[in-house]
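Each chain, written out:
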Amino acid sequence: MLTGWLVSAAEGAGYPVQSTSIPGVAQRTGGTTYYIEIFPVKSAELGGRRPVLALNPGVGDIDIAVASELLEAGRTVANGLRHAGRGPALVDPDGDSLAKCLAEIDGPAAFRLTAK
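Residues numbered from 1 in each chain as written. Predicted model: local features only at pLDDT ≥ 70, side-chain atom pairs only at ≥ 80, totals over all residues. Heavy atoms only, no water.

Peer 1: Explain the nonpolar core here, please?
Peer 2: Taken as a class, soluble globular proteins show a tendency for nonpolar side chains to be buried jointly. In this structure, Val7, Ala10, Ala13, Tyr15 and Val17 together form the largest nonpolar core, which totals five residues. When sequence neighbours within four positions are dropped, the list of residues in contact with Val17 reads Val7, Ala10, Glu11, Ile36, Glu37, Ile38 and Leu53. (Core = buried A, V, L, I, M, F, W, Y, C linked by side-chain atoms within 4.5 Å. Buried < 20%, exposed > 50% of the residue type's maximum accessible area, 1.4 Å probe, protein only. Contact = heavy atoms within 4.5 Å.)

In structure tokens, the structure reads:
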């Protein structure tokens, strides 16, 4: 659900975006890893060119990490995908609070992308 919202927000703001998912087997829920890449230049500014986006992140490439379990957040750090100077890590230590919060917000309207 969150992946769809973020992709819709990026597309609506004119950014090239791609998302992929990797089904996994977490300790409790069989968690799936989602990867979203948003190119930082709007499509209209690319002169008809299209960026080549990755299917998975490279070491140190994650700007924002969201995890529904502490173990999953730990794996992201342990695998070197995210480091402290790169951006926030949002972790749900209860395992269900994140899903409850997302269910209460107004989907795509809650996510607005603006150029800096």
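Peer 1: Just to check I follow, could you spell out a nonpolar patch on the surface for this structure?
Peer 2: Taken together, the side chains of Ile64, Val66 and Leu90 make up a nonpolar region of the molecular surface, amounting to roughly 270 Å² of accessible area. The residue Leu90 is located in strand S4 (residues 89-91) in this model. (Patch = residues over 30% accessible without salt bridge, like charges linked within 9 Å, V, L, I, M, F, W, Y side chains within 5 Å. Areas by Shrake-Rupley, 256 points an atom, 1.4 Å probe, with all protein chains shown as cover. Salt bridge = Lys/Arg side-chain N within 4 Å of Asp/Glu carboxyl O. Helix = DSSP H or I, 4+ residues; strand = E, 2+ residues; numbered from the N terminus.)

Peer 1: Where do I start with the side chain of Thr3 in this structure?
Peer 2: One can find Thr3 in helix H1 (residues 2-12). With relative accessibility at 16%, the residue Thr3 sits in the buried group. Excluding its chain neighbours within four sequence positions, the residues that come into contact with Thr3 are Ser19, Tyr34 and Ile36.

Peer 1: What exactly am I supposed to notice about the environment of Ser68 here?
Peer 2: Locating Ser68 in the fold gives a position in the loop between strand S3 (65-67) and helix H2 (70-78). In sequence terms Ser68 and Val91 are 23 residues apart; their C-alpha atoms lie 5.9 Å from each other.

Purely spatial values, then, with no claim about function.
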